[in-house]
Amino acid sequence: MKRNFLLLLCLLSFHVLLAQDLNITGTVTDAATGDPLIGASVMVKGTTRGTQTDATGSFSISAPANATLVVNYLGYKRQEFPVNNQTSMRLQLTAGSEQLQEVVVTGYGTQQKRDVTGSISSVKSEEFEKQASQNPVSSLQGKVAGVNITNSGQPGASPSVRIRGAGSVLGKVEPIYVVDGTIVNDLTFLNPNDIESMEVLKDASSASIYGVRAANGVILVTTKRGQEGKPVINYNGFVGVKRATNVLEMANAQEYATLINEKLGTETVDPNQPSTDWYDQILRTATIHNHHVSVSGGSERLSYSFSGGYLNEEGIIQDNVFERITARLQTDAQLTDNIKVGYNAIFSDYESDDVPGSVLLNAFVAPPILRPFRPDGSYGDPADIGLGNFSNPQASLDRFNQISNGQRLVGNTFGEVKFLNDLLFRTSLSLEYGINEFRNYQAQDSLTTVQFSPRSRLTKSRAKENQWLWENTLTYTKTFGDHDVTALLGTSAQEIKSETLSGSASDVPFDSDATLFLNLGDPETFGISNTGDLERYNSYFGRINYSFKQRYLLTATLRRDASSKFPRDTRWDNFPSIGLGWVVTEEPFMQDQTFVDFLKLRASYGKLGNAGIPTGIADLTATIDPRYTAFFGVPPIPYVGGSIVRAVPNTLLWEVVNETNIGVELHFLESRLTLEADWYNKETQDAIFDVPNLGTGGLSSPFVRGNFADFRNRGLEIVANWSDNMSADFSYNIGANVSFNRNEVTGLSAGDTDQPGGSLPIGGYFTNVSRIGSPIGSYYGFEVDGIFQNEQEVANSSQPSAKPGDFRYRDMNGDGVIDNRDKVILGNPNPGMFYGINTSFNFRSFDFLLDIQGVADVDVYNANKGIRVGNENYTKEFFDNRWSGPGTSNSYPSADVSRANLEPNSWFVEDGSYIRIRNVQFGYTLQSDLVNRLKMQRVRFYVNAQNPVTWFSYNGFTPEIGGAPNAAGIDLNVYPLSATYNLGVNVNF
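Note that residues are indexed from 1 along each chain, following the sequence as it is written. In view of the model being predicted, local features appear only for residues whose pLDDT reaches at least 70, and side-chain atom pairs are presented and counted only at 80 or more, with totals across whole chains, interfaces and linings using the full set of residues. The basis for the side-chain values is all heavy atoms of the structure; hydrogens and waters are excluded.

**Things to note about the sheet that holds strand 7 (residues 88-93)**
Next, step 1: Two strands qualify as a pair provided DSSP detects at least 2 bridges between them. Strands here mean DSSP runs of E at least two residues long; helices mean DSSP runs of H or I at least four residues long; both are numbered from the N terminus. Pairing in this open sheet of 3 strands is mixed, and the strands run 4-1-7 from one edge to the other. Both edges of this open sheet fall to strand 4 (58-64) and strand 7, since each of them pairs with a single strand only. On average, each strand axis in the sheet is inclined to that of its neighbour by 35°, with strand direction left out of account. Axis definition: a line fitted to C-alpha atoms, over the contacting stretch in the case of helices. Angles run 0 to 180 degrees between N-to-C directions.

In structure tokens:
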């Protein structure tokens with residue numbers, strides 16, 4: 001009994017000892033590098049007791065001998081460590097989400113993504129290397145939420161980019177691009193293989209550091225730089241073919257004859273004639289090949305990167321060829337421990353054999369009974385068929401002789417000095433020089449009765465633009481205790497000068513390009529035009545990034561800008577912004593949960609400006625006109641008078657954007673699943689807008705231009721990504737993004753005055769209008785209420801001049817008269833929704849990717865259907881659905897689409913939604929042992945298909961149609977996209 005009592009007493013004593021707290025000391029380090037982790041959270045599980053590591057990664061905490069320590073550090077996996085009666089512990093954390101540790105460029109600096117309070121999207125070099133797009137911006141399509149990109153099928157063309165909607169009508173709506181510190185307007189000069197990353201600054205907090213240039217967003221481009229190590233040689237090249245997709249089916253000769261005979265009411269056209277498919281005649285299967293070579297390397301003090309590229313791309317229209325050569329040089333030198341200098345230079349040269357801008361429209365309207373060539377080899381002539389003055393599309397291609405070419409040099413040099421441990425001074429000078437030329441020669445010829453020129457005509461043009469940008473920044477970076485501070489002060493000065501000189505002359509002989517000089521022509525026919533522009537900017541800016549315990553985040557920015565585009569009294573303005581962030585998972589109350597790996601809430605507000613407005617708005621200009629000649633004096637002396645062009649506003653203010661952004665970022669399941677959502681409200685105030693003059697007053701223009709409009713873009717962006725490594729052999733990634741945007745005109749200084757836009761070539765009708773309560777550039781016209789079936793319906797209608805088979809328009813105001821007061825909003829060219837799905841799979845040496853992209857809730861104005869001045873061809877779809885007698889159709893008119901039927905109406909407005917397989921690629925990387933025997937580092941072969949399939953209901957080549965904000969989405973001779981199929985190889989030496 002006594003023995004049992006002593007045993008029980010010992011057990012109780014041992015339990016009491018276990019329950020007593022131990023004074024535990026230890027360190028928290030990175031498991032991979034051994035570096036101490038400063039500010040890591042160390043908590044006793046199940047309690048509120050905790051501490052943080054100091055500057056050496058050390059900690060001290062009191063805990064029971066059987067407790068568990070929970071250690072959390074931003075960017076690392078949350079881990080638990082049992083105490084097990086230890087008083088000294090060495091705790092190692094493994095890196096967590098790569099997304100949190102990812103460094104993004106923020107404009108004049110960098111931040112880890114976890115510290116960003118604004119809305120920034122980043123795309124890395126791997127994405128560009130796996131795309132066949134020859135413009136880097138095209139590669140962003142479907143990959144970045146809030147960024148809507150409209151591509152053109154024309155080789156060398158720049159895509160249209162809208163970040164969070166269009167916020168101006170007459171001002172610039174494209175973002176600015178900043179390439180290694182140089183501000184440029186586009187990226188046509190840049191080879192995608194030279195890009196390291198692209199960051200898209202979407203909200204005011206992230207973009208306001210660029211002030212007056214940032215109203216439409218900012219895209220930052222960082223090119224590749226050499227790394228320490230032996231030289232690395234890389235070759236990336238592919239060859240492929242391009243084919244037009246979704247080619248519009250036109251009526252053949254028999255169907256055309258039926259339609260024309262119905263229209264004329266007589267058997268005028270014989271249906272038994274050979275048929276010409278004009279699209280098949282002018283389109284082709286084109287070739288493309290692209291080659292890029294780079295060499296990079298460096299030492300501890302010096303890094304370098306050199307590259308060169310060559311692109312040869314045929315257009316899908318015959319005779320259209322685009323060639324481009326690119327070269328890039330980069331060197332950074334660490335002169336001392338505190339002084340660093342470097343430069344980056346990019347050069348491009350292009351040449352294009354152009355095609356007539358109207359050739360696709362010619363192919364659309366040309367009758368199928370018109371032959372490309374007569375039996376004797378001469379061109380088929382519209383006089384042969386006697387149905388109108390049609391151009392022979394083949395003759396248009398063959399007689400067209402135009403070459404465009406240009407060179408562009410973009411360079412930046414910088415110097416950095418570190419001093420007093422925490423300060424960094426940087427000065428940089430950027431230069432850009434560009435020339436674009438074209439020459440067009442119209443030979444003296446007579447190809448058809450329509451296509452002839454009694455005299456030759458030579459036209460030449462040279463456009464030159466150069467700019468310099470000098471910027472100086474001072475950056476202070478300091479960590480003390482729980483506080484991290486980065487402060488930036490800077491100045492910027494920029495000048496942009498452009499000039500265009502054009503000339504033309506007749507009767508210039510043509511032996512070769514070497515003889516095409518204007519002075520060889522008839523002096524009596526000389527024509528000359530010379531225009532230009534000069535812009536200057538001066539700026540001061542500052543920014544503070546502050547973090548407390550890596551939990552509470554603050555970004556505050558202020559930029560003060562001046563632009564020469566504004567009058568002296570309104571030339572300066574201030575552009576402030578503030579962004580706040582809260583990393584909720586760093587709070588002590590979140591340490592015991594395991595459901596959410598990372599949770600950050602952020603909000604921002606800021607003011608941006610748009611200096612991309614038309615030049616000279618506030619300048620009162622006049623045109624000299626001999627008709628206003630007056631005589632004064634004795635004897636009378638003639639003095640030539642002039643006319644004021646347009647009235648100018650009393651004052652000219654900045655187009656200003658005020659934007660609010662609220663966002664959330666979430667990571668789950670060890671950060672394999674990530675979610676990000678942003679809601680924004682972007683309001684443009686004092687936008688440049690034309691309003692009618694109450695009286696002409698002798699002015700040449702009926703409008704006065706000034707700060708007369710307000711717009712709003714409001715939307716939601718959602719991004720989701722799942723990434724997982726299933727094993728050492730298999731990994732995959734699935735990402736999706738969707739964006740919703742609502743564009744609206746919220747105010748007009750002139751009340752309910754609309755601004756028309758989108759003038760059509762037939763009848764001069766306006767298809768678009770900007771009015772209060774509707775989106776910018778909404779389609780505007782009559783609402784079709786069916787088709788008149790017989791004369792009785794016409795007699796009982798508000799359209800007494802109509803005929804059976806014509807459109808019946810809805811009398812919107814019920815006054816019994818169809819006129820302009822019955823016109824309504826018919827559609828919206830601004831996409832309400834666009835999305836992307838991006839996937840990649842890797843299994844051993846194989847890789848596969850599939851990208852899908854689409855647009856919804858958008859309309860297109862099919863202006864091709866309204867090109868009816870005579871006996872133009874029709875689409876097969878029109879033939880199948882036309883009205884040809886009572887009861888045959890109540891939606892499509894008769895073949896006689898003329899008169900009031902050509903007025904803008906709802907029949908021309910079609911659904912512009914589409915979904916496209918943007919990119920499919922399958923690759924194979926050779927085994928390392930084989931590659932080593934070949935004296936190489938890596939060899940990868942791949943096959944790629946870009947735009948192979950697009951699904952849509954629109955009756956045209958493609959519903960992906962751009963245009964100016966007040967004339968957007970009008971399909972009138974749009975160069976169609978093509979499917980591209982490539983075979984490529986990537987080799988590293």
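**Topic: the side chain of D180**
Next, step 1: In this fold, D180 is placed in the loop between strand 13 (176-179) and strand 14 (182-184).
Next, step 2: Separated by 2.9 Å, the side chains of D180 and N344 make a polar contact.
Next, step 3: Aside from chain neighbours lying at most four places away, what touches D180 is V221, T222, T223, R225, N344 and N412. Here a polar contact is recorded for every N or O atom pair within 3.5 Å, except that within protein the pair must consist of a potential hydrogen donor and a potential acceptor, and residues adjacent in sequence are included only if both atoms are side-chain atoms. In what follows, a contact means two residues having at least one pair of non-hydrogen atoms within 4.5 Å.

**Concerning the pairing of strand 22 (residues 402-419)**
Next, step 1: Here 15 bridges tie strand 21 (residues 339-353) to strand 22, and the two strands are oriented antiparallel to one another. Each bridged residue has a counterpart across the sheet, and for N344 the counterpart in strand 22 is N412.
Next, step 2: For strand 22 and strand 23 (residues 423-442), the ladder comprises 18 bridges, and the chain directions are antiparallel. Bridging from a neighbouring strand, K418 pairs with L424 of strand 23.
Next, step 3: Count of turn residues in the strand 22/strand 23 antiparallel hairpin: 3 residues, of which L420 carries a positive phi of about 55°.

**Some details on the nonpolar core**
Next, step 1: As used in this record, nonpolar core signifies buried Ala, Val, Leu, Ile, Met, Phe, Trp, Tyr and Cys residues forming a set joined through side-chain atoms within 4.5 Å. A 1.4 Å probe rolled over the protein chains alone gives each residue an accessible area, and that area as a share of the maximum for its type sets the label: buried under 20%, exposed over 50%, partly exposed in between. Counting 57 residues, the largest nonpolar core has Y279, L283, I317, L387 and Y861 as the members making the most contacts within it.
Next, step 2: At the level of secondary structure, the elements contributing two or more residues to this core comprise helix 5 (253-264), helix 6 (278-282), helix 7 (359-365), strand 41 (784-787), strand 42 (807-809), strand 43 (824-827) and helix 10 (876-881).
Next, step 3: Sort the elements by how many residues they give to this core and helix 7 lands first, with 6 residues.
Next, step 4: Setting aside chain neighbours within four positions, we find I317 in contact with I282, L283, R284, V355, V359, L360, L397 and Y975.

**Brief notes about unusual backbone geometry**
Next, step 1: Here the amide bond leading from V634 into P635 is cis, since omega sits at -5°, within 30 degrees of zero.
Next, step 2: Turning to its location among the elements, P635 is positioned in the loop between strand 32 (622-632) and strand 33 (637-644).
Next, step 3: Not every positive phi belongs to a glycine, and D319 is a case in point at roughly 75°.
Next, step 4: Examined against the element boundaries, D319 turns out to sit in the loop between strand 19 (302-314) and strand 20 (321-334).
Next, step 5: For D319, a relative accessible area of 38% puts it in the partly exposed group.
Next, step 6: Despite not being glycine, N421 shows a phi value in the positive range, around 65°.
Next, step 7: Checked against the element boundaries, N421 lands in the loop between strand 22 and strand 23.

**Considering the pattern of salt bridges**
Next, step 1: Every case where a carboxyl oxygen of Asp or Glu lies within 4 Å of a side-chain nitrogen of Lys or Arg is listed as a salt bridge. Under the counting rule described, the total for this entry stands at 52 salt bridges.
Next, step 2: For R162, the salt bridge goes to E174, with nearest N and O atoms at 2.8 Å. Of the two residues, R162 sits in strand 12 (residues 160-163) while E174 sits in the loop between strand 12 and strand 13, which places them 12 residues apart along the sequence.
Next, step 3: In this structure, E416 and R426 form a salt bridge, with 2.6 Å as the shortest nitrogen-oxygen distance.

**Structural notes on the sheet that holds strand 2 (residues 41-44)**
Next, step 1: Ordered in space as 3-2-5-6, the 4 strands form an open sheet in which the pairing is antiparallel. Bordering the open sheet on either side are strand 3 (50-52) and strand 6 (79-82), each of which pairs with just one other strand. The average angle at which neighbouring strand axes cross in this sheet is 20°, direction not considered.
Next, step 2: With 3 bridges joining them, strand 2 and strand 3 adopt antiparallel strand pairing. Paired with S41 across the two strands is Q52, which belongs to strand 3.

**Concerning the environment of V123**
Next, step 1: The residue V123 is located in strand 10 (residues 120-124) in this model.
Next, step 2: For V123, a relative accessible area of 5% gives the class buried.
Next, step 3: Residues V123 and D203, spaced 80 residues apart in sequence, show a C-alpha to C-alpha distance of 17 Å.
Next, step 4: Look past the residues within four positions of V123 in its chain and what remains in contact with it is F128, L140, V144, S197 and M198.

**Comments concerning the UniProt feature "domain: TonB-dependent receptor plug" (unreviewed entry) in the protein**
Next, step 1: UniProt positions are given in the numbering used here, feature names are shortened, and annotations may be inferred rather than shown by experiment. In the numbering used here, UniProt assigns the "domain: TonB-dependent receptor plug" (unreviewed entry) feature to residues 113-218.
Next, step 2: Helix makes up 8% of residues 113-218 and strand 26%. Its end C-alpha atoms lie 17 Å apart.

**Notes on the environment of F373**
Next, step 1: As for its placement among the helices and strands, F373 is situated in the loop between helix 7 and helix 8 (393-399).
Next, step 2: For the pair F373 and E586, spaced 213 residues apart in sequence, the C-alpha separation works out to 77 Å.
Next, step 3: The contact partners of F373, leaving out residues within four places of it in the chain, are Q281, S378, Y379, G380, Q394 and D398.

**Considerations on the packing of aromatic side chains**
Each pair of aromatic rings is reported with the distance of its centres and the angle of its planes.
Next, step 1: For Phe, Tyr and Trp, rings pair up if their centres lie within 6.5 Å, where Trp contributes its six-membered ring, and each pair is then called stacked (planes under 30 degrees apart), edge-to-face (over 60) or tilted (otherwise). One pass over the full model with this rule turns up 29 aromatic pairs.
Next, step 2: Ring geometry for F548 against Y552: centres 6.1 Å apart, planes inclined by 15°, an arrangement best described as stacked.
Next, step 3: Using a relative accessible area of 32% as the deciding quantity, one classes Y552 as partly exposed.
Next, step 4: An aromatic cluster is built from Y779, F782, F807, Y809, Y861, Y874, F878, Y892, W907 and F908, whose rings are joined through pairwise contacts.
Next, step 5: Lysine NZ or arginine CZ positioned within 6 Å of the ring centre and within 35 degrees of the ring normal marks a charge as sitting over the ring. Taking NZ or CZ as reference, R213 lies 4.5 Å from the ring centre of Y537, over its face.
Next, step 6: Positioned over the ring face of W907 is K865, at 3.9 Å from the centre of the ring.

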